[in-house]
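Observations on the model geometry
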Amino acid sequence: MLSNNPKMLPRLDELEARHQHAVDEGWRGEVGGLDLTLRFLASKRAQAHRAAATATVDLGMPPRPGARAGTEQRTGTGGLRGV
């Protein structure tokens, strides 16, 4: 997913102004292209809001290769060792 850069938000206002100018001038091709771009950006904005509202899930650490289930102990240094 592409991430949204908050520094680029003023460009959205610029695109909306260009869209209005194209409508006023009757430039249908430009209006169509800007409509498509603005719809895409609205979709990306909604996607970013949904992602921000979703909590992250801790999946934990996968087991070490070759380790048997339930045979590992934590050491005092934070490492793991087999029993």
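Here's what I pulled together on the structure shown here. For clarity, every value in this text was computed on a predicted model and none was experimentally measured.

**Re the nonpolar core**
- Counting 6 residues, the largest nonpolar core is built from L12, L15, A22, V31, L34 and L38.
- Elements represented by at least two residues in this core include exactly α1 (9-25) and α2 (28-53).

**Re the environment of L12**
- With respect to the helices and strands, L12 occurs in helix α1.
- Under the relative-accessibility criterion, L12 is labelled buried at 14%.
- When neighbours within four sequence positions are excluded, L12 is seen to be in contact with L38, L41 and R45.

**Re α1**
- Between the first and last C-alpha of α1 there are 25 Å, a value that for 17 residues agrees with the 24 Å anticipated at 1.5 Å per step.
- Turning to α1, its buried residues number three or more, namely L12, L15, H19 and A22. Each buried residue of α1 lies within a common arc of 80 degrees when the element is viewed along its axis, so the set occupies one face. Among the exposed residues of α1, those pointing more than 90 degrees away from its buried face are P10, D13 and D24.
- Next to the buried residues of α1 lie α2.
- Backbone geometry just downstream of α1 places G26 in the positive-phi region, at approximately 75 degrees.

**Things to note about the pattern of salt bridges**
- On inspection of all chains with the given rule, the structure shows 1 salt bridge.
- Of the charged contacts in the structure, one is a salt bridge between R18 and E30, with a shortest N-O distance of 3.0 Å. One end of the pair, R18, is in helix α1; the other, E30, is in helix α2, and 12 residues separate them in sequence.
- Accessibility expressed as a relative area gives 39% for R18, which makes it partly exposed.
- Judged by relative accessible area, which is 33%, E30 ranks as partly exposed.

Quick notes on the rules
Residues numbered from 1 in each chain as written. Predicted model: local features only at pLDDT ≥ 70, side-chain atom pairs only at ≥ 80, totals over all residues. Heavy atoms only, no water. Core = buried A, V, L, I, M, F, W, Y, C linked by side-chain atoms within 4.5 Å. Buried < 20%, exposed > 50% of the residue type's maximum accessible area, 1.4 Å probe, protein only. Helix = DSSP H or I, 4+ residues; strand = E, 2+ residues; numbered from the N terminus. Contact = heavy atoms within 4.5 Å. Expected span 1.5 Å × (residues − 1). Arc of directions from axis to C-beta. Salt bridge = Lys/Arg side-chain N within 4 Å of Asp/Glu carboxyl O.

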